[in-house]
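# Tertiary structure, described
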Amino acid sequence: MASPMKNLLSDPDRYLQSFRLFLAKSTEHQSMQEFVERQLPAVITSIGNGKSAINILSIGGGAGEIDLLILSKVQARYPGVAINSDIVEPSADQISKYKERVAATSNLGNVKFTWHEETAYEYESRMNAEKKSKKWDFIHMIQMLYYVKDIPATIRYFHSLLEAQAKLLIILVSETSGWETLWKKYGSSFPLDDLCSYVSSADIKRILDSAGLKHQLHELTSHMDITSCFIEGDKDGELLLDFLTETYEFSKTAPPELKRQVMEELRKPECSEERDGKVFFNNNLSVIVVEP
């Protein structure tokens, strides 16, 4: 009998709902903000040297929260220099939120934004069809490599677009995170449906090493409050479970035994820690800076 489980991405609305709840319940963006504040300035220190304009490509820019922080650091490092910021993002909903955010942000006078409502693969295909290979001074892929079909090819392609002093910045879940434990154990039971794949920093390091690409790694500590996942019938808990398993209505459609095992796993110290009566899932991230 075919499993009633289906991938969360097959329902974009529920995916966005669960994703926004994940951001609200986790320290994901705070951890990234801290990285951008403290460590990004050293990463971008030479990307715009001698340039009259700096070209930045954001792959999977989402609603722009982190993108705009990154831009503010580039502006601070290269005051007054024109910045061309291109954003590749398949969700129309996220792009419209991004545009609202830009409209509400001052000091963006020297930044020209161009949005492309497409996936990384569609962007690459379009550029190849148009025989364009624009070079970039800074390319970042934040939490998006799970959604590309061929990760090594995607990294190779965007890496090939780097200028001589440019950097490629990749952020994704760390091999020290609860995601690694949960997905290595149960990923094959979840309905990925070719819509996403589970990767962590361990996989990306292997890909970069085998391609001979130089890179540095920064680990970011992050956690997510998943206490509500253990309250039967809790709407937030159900959405978070969907996000953790990439499964649409996991708690209603998963076989009882799989659900029992996943709930048990989520409480184990390899995935989460319990403090003050709450359960915090280990959401650690890795930042990988790739040299041209």
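Predicted model only: the values in this text are computed from it and were never measured.

## Considerations on the overall build of the protein chain
In terms of helices and strands, the protein chain carries twelve helices and ten strands. The C-alpha radius of gyration computed for the protein chain amounts to 19 Å, which stays within 12% of the reference 19 Å derived for 292 residues, consistent with globular compactness. For the protein chain, the spread of C-alpha atoms along the three principal axes comes to 60 × 40 × 35 Å. A total of 292 residues make up the protein chain; the buried ones form 54% of that total. Of the contacts formed within the protein chain by residues at least 6 apart in sequence, a portion of 81% connects residues at least 24 apart. Across the protein chain, 33 positive and 42 negative side-chain charges occur, with their mean positions spaced 4 Å apart.

## Points about the packing of helix α4 (residues 65–77) against helix α5 (residues 92–103)
Think of two packed helices as two axes; the pair is described by the angle between the axes and how far apart they sit. Running from amino to carboxyl end, α4 crosses α5 at an angle of 40 degrees, the nearest separation of the two axes being 10 Å. With respect to α5, the axis of α4 lies oblique. As α4 runs across α5, the sense of the crossing is right-handed. Every residue of α5 that contacts α4 at Glu65, Asp67 and Leu68 is listed here: Tyr98, Arg101 and Val102. Across the contact of α4 with α5, the residue classes tally to three nonpolar, no polar and three charged.

## So, the sheet that holds strand β8 (residues 272–275)
With respect to topology, three strands assemble into an open sheet ordered β7-β9-β8, the strand pairing being antiparallel. Edge strands, defined here as strands with exactly one partner in the open sheet, are β7 (223–225) and β8. Going from strand to strand, the sheet's axes swing by 30 degrees on average, the running direction of each strand aside. As paired elements, β8 and strand β9 (residues 278–282) share four bridges and run antiparallel to each other. Opposite serine 272, over in β9, you have phenylalanine 281 as the bridge partner.

## So, helix α9 (residues 201–210)
When we look at burial in α9, the residues that qualify are Ser201, Ala202, Asp203, Ile204, Ile207 and Leu208. In this structure, the buried residues of α9 make contact with α7 (151–159), β5 (162–173), α8 (178–186), β6 (215–220) and β10 (285–290). Just downstream of α9 lies glycine 212, where phi reads positive at about 70 degrees.

## Brief notes about the nonpolar core
Formed by 62 residues in total, the largest nonpolar core has its most connected members in Phe158, Ile170, Trp179 and Ile204. Sequence-distant contacts of isoleucine 204, defined by excluding residues within four places in its chain, comprise Leu145, Ile151, Ile155, Ile170, Leu172 and Ile288.

## Points about the UniProt feature "binding site: substrate" (unreviewed entry) in the protein chain
Per the UniProt record, "binding site: substrate" (unreviewed entry) is annotated on Glu28 and Asn283. These annotated residues cover 256 residues of sequence, and their C-alpha atoms all fall within 7.3 Å of one another, placing them together at a single site. Residue position: glutamate 28 is located in helix α2 (residues 28–38). Sequence-distant contacts of glutamate 28, defined by excluding residues within four places in its chain, comprise Phe22, Leu23, Gln143, Ser222, Asn283 and Leu285. When you line up the elements, asparagine 283 lands in the loop between β9 and β10. Setting aside anything within four residues of it in sequence, one finds asparagine 283 in contact with Phe22, Ser26, Glu28, Ser177, Trp179, Ser222, His223 and Met224. Looking at asparagine 283, its side chain comes within polar contact range of the side chain of tryptophan 179, at 2.8 Å.

## Digging into the side chain of asparagine 284
Structurally, asparagine 284 is set in the loop between β9 and β10. Among the residues examined, asparagine 284 registers a relative accessible area of 14% and is labelled buried. Discounting residues that sit within four places of it in the chain, asparagine 284 has contacts with Val173, Ser174, Thr176, Ser177, Leu220, Thr221 and Ser222.

## Here's the deal with unusual backbone geometry
Phi at lysine 131 is positive, roughly 50 degrees, even though this residue is not glycine. Note that lysine 131 resides in the loop between α6 (120–129) and β4 (136–142). By relative accessible area, lysine 131 is classed as exposed at 75%. Positive phi is not limited to glycine here, since aspartate 276 has a value of about 50 degrees. In this fold, aspartate 276 is placed in the loop between β8 and β9.

Thresholds applied
- Residues numbered from 1 in each chain as written.
- Predicted model: local features only at pLDDT ≥ 70, side-chain atom pairs only at ≥ 80, totals over all residues.
- Heavy atoms only, no water.
- Helix = DSSP H or I, 4+ residues; strand = E, 2+ residues; numbered from the N terminus.
- Rg over C-alpha atoms; globule rule 2.2 N^0.38 Å.
- Buried < 20%, exposed > 50% of the residue type's maximum accessible area, 1.4 Å probe, protein only.
- Contact = heavy atoms within 4.5 Å.
- Lys, Arg positive; Asp, Glu negative; His and termini not counted.
- Charge placed at Lys NZ, Arg CZ, Asp CG, Glu CD.
- Axes fitted to C-alpha atoms, helices over the stretch in contact; angles between N-to-C directions.
- Parallel < 35°, antiparallel > 145°, perpendicular 65-115°, else oblique.
- Left-handed = near helix turned anticlockwise from the far one by under 90°.
- Nonpolar A, V, L, I, M, F, W, Y, C, P; charged D, E, K, R; others polar.
- Pairing = 2+ DSSP bridges.
- Core = buried A, V, L, I, M, F, W, Y, C linked by side-chain atoms within 4.5 Å.
- UniProt positions renumbered as here; feature names shortened; annotations may be inferred.
- Polar contact = N/O pair within 3.5 Å; in protein donor to acceptor, adjacent residues only side chain to side chain.

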